[in-house]
Amino acid sequence: QFLSVCAPLTQEHPEVLPFLSSRHLRAHPDFRGSAEFRNILGRLLRRVRGRRRKVYVYINELCTYPGGCPANPSASSQYPNASSQCPSSSSQYPGGSSQYPEGSSQCPNTPSQHPNAPSQCPSTPSQCPSAPSQQHLDPPGRRAGGSRRQIRHLEHLLRVYAGEIRRLQERELDLAELDSADSPYLQENRLKRRMMRIFRRLCQLKDCSSLTGRVLEQRIRFRGTRYPEVNRSIERFINRPDAFPDYSDILREIRGASARHRLGLGRRQMENMAQEAFREVGNRLQERRHLDLVYNFGSHLTDEYRPG
């Protein structure tokens, strides 16, 4: 069912379906027959049907799901014979890099915070001797709270990965490396994603919030119409993690709110309301992304630069 829904949406990239089929065949039999696998497929199937233009995002989510991806340490011990051919970067999936949810590669602890971090870790994350084990990086559903040894280990891993990211950023690149499937940019992206997983697990062990204070994490309050029911529906939609709605999304939310709460809105009235709401929502989201870029853009290579 998932392949049949994705087929007409990925015609520009015919290699996607064979890739998914081969990944399915190489996955561990226990995982393919598990209820977990059926649940993730059903959830992604509903998402693809609801938001077809995000199909590559959901394909990437399926291919990097922890249970079927041995590159994730929490999965390697559960399915020991699973294939190790698991890409960890959205750039390796056709059309997926530009549609991935915003902020997904943001490093939780910037390298400049760890100036003395060791940098002798191999450039490939999966070869790093300090990679977290199942003991330290449990699934998100586990009960919060952990030992001091676990917390110290994960904090040490963050320092090691931060040092390795700093080393990759300081490397001189040639044209051949830019075209490589394992270029320093992709290695850095994989390390940042792994740091995010460690950071979230560390927050669980310390029983604290994983919010970092970024502008993108702030909730947008919408009061653009005189109908509270419509405002609440639009507000819920635009505050989803991967939401950047278009006009049809806003119109659909208004129609749904009108039908649920029996507001009796006419077709022309809903269309005019959707146009005004779409302009306001677009400006608010654009402003939030711009502020996030201003606050977070930079590199430790230019931290000490002072004009003049």
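Residues numbered from 1 in each chain as written. Predicted model: local features only at pLDDT ≥ 70, side-chain atom pairs only at ≥ 80, totals over all residues. Heavy atoms only, no water.

Caption draft 1: Quick peek at the overall build of the chain. The helix and strand tally for the chain stands at 12 helices and 0 strands. Ordering the α and β elements of the chain from the N terminus gives α-α-α-α-α-α-α-α-α-α-α-α. Across the 308 residues of the chain, 40% fall into the buried class. Contacts spanning at least 24 positions in sequence make up 69% of the contacts within the chain whose residues lie at least 6 apart. (Helix = DSSP H or I, 4+ residues; strand = E, 2+ residues; numbered from the N terminus. Buried < 20%, exposed > 50% of the residue type's maximum accessible area, 1.4 Å probe, protein only. Contact = heavy atoms within 4.5 Å.)

Caption draft 2: Fine view of a positive patch on the surface. Among the surface-exposed residues, Arg-232, Arg-236, Arg-240 and Arg-260 lie close enough to one another that they form a single positively charged patch. Looking at the secondary structure, you find Arg-236 in helix α10 (residues 228-238). Its relative accessible area of 49% is what places Arg-236 among the partly exposed residues. (Patch = residues over 30% accessible without salt bridge, like charges linked within 9 Å, V, L, I, M, F, W, Y side chains within 5 Å. Areas by Shrake-Rupley, 256 points an atom, 1.4 Å probe, with all protein chains shown as cover. Salt bridge = Lys/Arg side-chain N within 4 Å of Asp/Glu carboxyl O. Lys, Arg positive; Asp, Glu negative; His and termini not counted. Charge placed at Lys NZ, Arg CZ, Asp CG, Glu CD.)

Caption draft 3: Main features of the nonpolar core. Core analysis: the biggest nonpolar cluster contains 19 residues, and Phe-2, Leu-20, Leu-44, Val-48, Val-55, Ile-59 and Leu-62 have the highest contact counts within it. For this core, the elements supplying multiple residues, two or more each, are α1 (2-6), α2 (16-26), α4 (35-50) and α5 (55-63). With 7 residues, α5 is the largest single contributor of residues to this core. Apart from the residues within four sequence positions on either side, Val-55 is in contact with Cys-6, Leu-9, Thr-10 and Val-48. Within the second largest apolar cluster, 18 residues are counted, among which are Ile-234, Ile-238, Leu-265 and Ala-277. (Core = buried A, V, L, I, M, F, W, Y, C linked by side-chain atoms within 4.5 Å.)

Caption draft 4: Expanded view of the confidence of the model for the chain. On average, the chain scores 76 in pLDDT, and the residues at 70 or more come to 73%. Per-element mean pLDDT across the chain ranges from 40 in helix α6 (residues 73-76) up to 95 in helix α11 (residues 247-261). Counting interchain partners and residues more than four positions distant, the pLDDT-below-50 stretch residues 69-136 has 160 contacts. This model gives residues 138-144 a pLDDT under 50, and the stretch forms 8 contacts once residues within four places in sequence are excluded. (pLDDT = per-residue confidence, 0-100.)

Caption draft 5: Spatial organisation of helix α9 (residues 184-206). With 23 residues, α9 ought to run about 33 Å at 1.5 Å a step, and its terminal C-alpha atoms sit 32 Å apart, in line with that. With 18 of 23 residues buried, α9 lies mostly within the body of the structure. Asp-207, located one to two residues past α9, shows a positive phi value of around 55°. (Expected span 1.5 Å × (residues − 1).)

Caption draft 6: Layout of the pattern of salt bridges. Under the definition given, this model contains 15 salt bridges. For Arg-190, the salt bridge is made with Asp-182, and the minimal N-O distance between the two is 2.2 Å. Of the residues examined, Arg-190 reaches a relative accessible area of 12% and is grouped as buried. You can call Asp-182 partly exposed: its relative accessible area is 32%. Of the charged contacts, one joins Asp-292 and Arg-214 as a salt bridge, the two residues approaching to 2.5 Å between their closest N and O atoms. With Asp-292 in helix α12 (residues 267-296) and Arg-214 in the loop between α9 and α10, this pair connects stretches of sequence that are 78 residues apart. For the pair formed by Asp-292 and Arg-214, the shared burial category is buried. Through salt bridges with shared partners, one network takes in Arg-51, Arg-53, Asp-246, Asp-249 and Arg-252.

Caption draft 7: Examining the packing of α10 against α11 more closely. Two elements in contact, α10 and α11, have axes whose closest approach is 9 Å; the angle formed by their N-to-C orientations is 135°. It follows from the interaxial angle that α10 and α11 lie oblique. In this structure, α10 meets α11 at a crossing whose hand is right-handed. In contact with Glu-229, Val-230, Ser-233, Ile-234, Arg-236 and Phe-237 of α10, α11 contributes Asp-249, Ile-250, Arg-252, Glu-253, Ile-254, Ala-257, Arg-260 and His-261. Here the contact of α10 with α11 is built from residues that sort into 6 nonpolar, 2 polar and 6 charged. (Axes fitted to C-alpha atoms, helices over the stretch in contact; angles between N-to-C directions. Parallel < 35°, antiparallel > 145°, perpendicular 65-115°, else oblique. Left-handed = near helix turned anticlockwise from the far one by under 90°. Nonpolar A, V, L, I, M, F, W, Y, C, P; charged D, E, K, R; others polar.)

Caption draft 8: Summary view of α5. Counting buried positions over the 9 residues of α5 gives 8, a clear majority of the element. Residues Val-55, Tyr-56, Val-57, Tyr-58, Ile-59, Asn-60, Leu-62 and Cys-63 constitute the buried set of α5.

Caption draft 9: Seen up close, the state of the cysteines. For the structure shown, the criterion picks out 0 disulfides. Cysteine Cys-6 shares no disulfide, and the gap to the nearest cysteine sulfur, in Cys-63, comes to 9.7 Å. (Disulfide = S-S within 2.5 Å.)

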